[in-house]
Every structure is written in C-alpha cells, then in structure tokens.
Amino acid sequence: MSSILRRCTKLTHSGILSMLPGSNGRSCALQYFASEKRYSTSSKIKVDLDSNTGVAIMQFQSPPVNSLSLDFLTEFAINIEKLELDRSCRGVIITSALPKVFSAGLDILEMYQKSPEHYVEFWKAVQEAWFKLYGSSKVTIAAINGNSPAGGCLLAMCCDYRIMAENPRYSIGLNETQLGIVAPFWFKDTMQNVVGHRETEKGLQLGKLYTAPEALKVGLVDELVPEEKVVSSAAEAMSKWLAIPDHARQLSKSMMRKPTIDRLLAAREADITNFVSFTSKDSIQKSLGMYMEMLKKRRS
Ligand SMILES: CCC/C=C/C(=O)SCCNC(=O)CCNC(=O)[C@H](O)C(C)(C)COP(=O)([O-])OP(=O)([O-])OC[C@H]1O[C@@H](n2cnc3c(N)ncnc32)[C@H](O)[C@@H]1OP(=O)([O-])[O-]
C-alpha cells in the first residue's frame, strides 16, 4: 500500500507550482475517508482538520524522536498532498506529539549501510516531501515544541511562519557538518531564504544548532512562546494569515518560492546521483557510524 502511494505522490505536483502559468498541475486521485475531524489514520502522523476554521493540525507521532524515515517521509508527502487537494483546508499547523522533540531530522539509519537503490528511493522521498511542503499553497505554520536539527529544521523552514517553545535547551539548525555530511544546495537555499546569506554561511559551515533565543535573534524562528502555548499561538498566528485573501497570498508565495523550487526541479536527478555517490563513500559511512555511536553513548 505504502509503495503504491509512494508511486502516486511521485506523479503529482499540485500546490503553488500548479498555480503558475505553464505549470502542469496533475493531481493524483488519492482516496481517503475524512470523518468530520480526523483526517488521517497513518501511524506516524496524525492529521485533524477543523471544518469550521479550515485549519489542519498535523502531529508527528513517531517515537522515539520523529526521525524522517522513508515511511515517515512518504506518509508526510501523502498527507500534505491530500490537504493541498482539499478545498476546505486553508492552513496547516505542523507540530510534534512527542515530548522534547519536533523532529530529529533524516533517519540516519536510512543512510547507513544500505544499498545504492535504497539511497535513491530514500532521497527521492526527501525531495518529494520538500516539494510538497515548500510548494504548498496553504498557509503553513511550524509549531516547534522541541529539538529540531537538520531535516527537522528543514521542514520548519519550509513553513510560512515558525513559532518555537522558549525553552533554551531546545535547538534548531542545519547541523549536517557535525555529522561529517553536507546539506544539499536546496537545504541551503531554503535556509538562505529565511535568514539570509551571511547567517546561512556561518550556520552551515559550523553545523550550528541555534538555541531557541539565538534562533529568534537571527530570524530562524519568528516567535518564542511558553511551551504549552506553542500550538495555540500557532492557531492565533494562522488566523492573521487567513485574514488575507487566499488568491493574493498564494500568488505572492509562489512568486517568492518558484525560483528555489525550479532550481531543484532542474537538478533533481543530478541531486539524487550526488547524494547516492556521496553517501556510499566509505569515509561518509564511517562518519555516520561514529555519529550513531556518539548518540548511543550520550544516552547511556
Ligand atoms: C545529505 C543529508 C542531509 C542530512 C540531513 C539530516 O537530517 S541528518 C540527521 C541529523 N540529525 C541529528 O543530528 C539529530 C541527532 N539526534 C539528537 O540530537 C537527539 O536524538 C535529539 C536532540 C533529537 C533528541 O534527544 P533525546 O535525548 O530525546 O533522544 P536520544 O538522543 O536519546 O535518541 C533516542 C534514540 O533515537 C536515535 N536517534 C536520534 N536521532 C536519530 C536520527 N536522526 N536518525 C536515527 N536515529 C536517531 C538515537 O540513536 C537513540 O536510539 P537508541 O539509543 O534508543 O537506539
């Protein structure tokens, strides 16, 4: 089932791309059964759509740390696509149902001691999730209620607005260099579009994880609020964004994001090839293995 849906999402590019002149907004007839509120039954992600407000809340619920595995990313892309196709949905709040972590980023085990074919499939799923979220025409708000390194930070940065718990022990950033790996150009582009060139250059080279106050200072997040208010504050912010007529806001969003999306569309295959050859290198496998060991030791 999951592989059928995975193939299905590969075919679709709705969202802001489909609104652009000359773009091909094919849509995939995904069947789903929406009750009045519960929207999704997937195991790793729970989605509730409030039919009164048009706001969906997407909660990550994949213990222990919401790492972005192939299955998680596939479910994520499917859910974003379903919401994109649903005219009654105007905005999406993304948050975590787990304590202390928004998302630990890409699942390192998907990049460790696997076959090149697996790396291809995994990286396609990473790209697809980014296309769907970064290209969404809905208002997207990240309610960051815990740590959000690397791929977790990427998902947050794809949103239109970020609210983070003001807990100084939580951090967010693209820390790839600390693992001995390199964030691809479109992670970099996404960060640069949020915080600018200079901060991105520093953040990427140092693999910096910004504490919540530091993230606010550099504009990586837009607001800090008490932890228990992250989701309610996101809902408040959402109502301000939804006060703007959809068509005008959506066209403005697509105008801002299209060049970044086009850059990856044009280099999609090359980006996959690059990821596979980089990840397959002995030196990179060694770095990832050491990093996983470090995570385990830190725990014990
Ligand atoms: C080119 C590629 C670009 C790459 C982009 C990326 O996103 S790269 C990703 C960069 N991401 C990072 O660098 C983040 C690394 N993670 C962390 O820094 C912390 O886990 C935390 C701060 C997110 C949560 O702290 P906490 O104290 O609440 O939790 P804990 O630390 O005790 O972990 C619990 C269990 O989860 C395991 N596990 C954790 N993360 C991952 C993962 N990504 N994957 C798989 N597994 C992961 C961990 O080993 C442990 O397993 P065990 O021992 O039970 O078998």
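Quantities reported herein were computed from a predicted structural model and do not represent experimental measurements.

What counts and how
Residues numbered from 1 in each chain as written. Predicted model: local features only at pLDDT ≥ 70, side-chain atom pairs only at ≥ 80, totals over all residues. Pairing = 2+ DSSP bridges. Helix = DSSP H or I, 4+ residues; strand = E, 2+ residues; numbered from the N terminus. Core = buried A, V, L, I, M, F, W, Y, C linked by C-beta atoms within 7 Å. Buried ≥ 20, exposed ≤ 12 C-beta atoms within 10 Å, placed from the backbone. Near = placed C-beta within 6 Å. Nonpolar A, V, L, I, M, F, W, Y, C, P; charged D, E, K, R; others polar. Axes fitted to C-alpha atoms, helices over the stretch in contact; angles between N-to-C directions. Parallel < 35°, antiparallel > 145°, perpendicular 65-115°, else oblique. Left-handed = near helix turned anticlockwise from the far one by under 90°. Contact = placed C-beta atoms within 7 Å. pLDDT = per-residue confidence, 0-100.

A. Region of interest: the sheet that holds strand β5 (residues 148-149). The strand order across the open sheet formed by 3 strands is β5-β7-β8, and the pairing between neighbours is mixed. Sheet topology places β5 and β8 (210-211) at the edges, where each strand pairs with a single neighbour. Judged from the 2 bridges that link them, β5 and strand β7 (residues 171-173) form a sheet pairing that is parallel. Looking at β7, one finds that Pro 149 is bridged to Gly 173.

B. Molecular detail of the nonpolar core. Counting 75 residues, the largest nonpolar core has Ile 93, Ile 141, Ile 144, Ile 163, Met 164 and Ile 172 as the members making the most contacts within it. Here this core gets 9 residues from one element, more than from any other, and that element is helix α4 (residues 116-134).

C. A look at the environment of Ser 277. Tracing the sequence through the fold places Ser 277 in helix α10 (residues 246-280). Classification of Ser 277 as exposed rests on a count of 12 C-beta atoms within 10 Å.

D. Examining the site of the ligand more closely. Taken together, 25 residues lie near the ligand, and Ala 104, Gly 105, Leu 106, Ala 150 and Gly 151 sit nearest. A per-class count over the shell around the ligand returns 15 nonpolar, 5 polar and 5 charged.

E. Representation of the packing of α4 against helix α5 (residues 151-158). At a closest axis distance of 9 Å, the pairing of α4 and α5 adopts a crossing angle of 25 degrees. Judged on the interaxial angle alone, α5 and α4 are roughly parallel. For the pair α4 and α5, the crossing hand works out as right-handed. Each of Trp 130, Leu 133 and Tyr 134 in α4 lies in contact with α5, whose residues at this interface are Leu 154, Leu 155 and Cys 158. Across the contact of α4 with α5, the residue classes break down as 6 nonpolar, no polar and no charged.

F. The pairing of strand β1 (residues 45-50), seen in detail. Alternating positions in β1 separate cleanly, Ile 45, Val 47 and Leu 49 being buried on one face and Lys 46, Asp 48 and Asp 50 remaining unburied on the opposite face. Pairing between β1 and strand β2 (residues 55-60): 6 bridges, direction antiparallel. Bridge pairing in β2 places Asp 50 opposite Val 55. Counted along the chain from β1 to the antiparallel partner β2, the turn is 4 residues long, and its residue Gly 54 has a positive phi close to 75 degrees.

G. Quick look at the pairing of strand β6 (residues 161-165). Counting buried residues along β6, 5 of its 5 residues qualify, which places the element largely inside the surrounding structure. Burial of the side chains of β6 extends over both faces: Tyr 161, Ile 163 and Ala 165 are buried on one face and Arg 162 and Met 164 on the other.

H. Expanded view of the confidence of the model for the protein chain. Looking at the protein chain, pLDDT values average 89 and 86% of them are 70 or higher. Of all helices and strands in the protein chain, the one with the weakest mean pLDDT is helix α1 (residues 2-10) (40), whereas α5 scores best (99). Segment residues 1-14 is flagged for pLDDT under 50; beyond a separation of four residues in sequence, or across chains, it makes 28 contacts in the model. Low pLDDT (under 50) marks residues 17-36, which in the prediction has 33 contacts with non-local residues, meaning those over four places away or in another chain.

I. Spatial organisation of the sheet that holds β1. With mixed pairing, 6 strands are arranged side by side in an open sheet as β1-β2-β3-β4-β6-β9. What marks the edges here is a single partner per strand, and that holds for β1 and β9 (223-225). In this sheet, neighbouring strand axes are inclined to one another by 20 degrees on average, regardless of whether the strands run parallel or antiparallel. With 6 bridges connecting them, β2 and strand β3 (residues 91-96) associate as parallel partners. Each bridged residue has a counterpart across the sheet, and for Met 58 the counterpart in β3 is Ile 94. In this fold α5 packs onto β3, β4 (139-144) and β6, with an angle of close to 140 degrees to the strand it touches most, β4. Where helix α9 (residues 230-242) meets the sheet, it contacts β2, β3, β4, β6 and β9, and its direction lies at approximately 160 degrees from that of β4.

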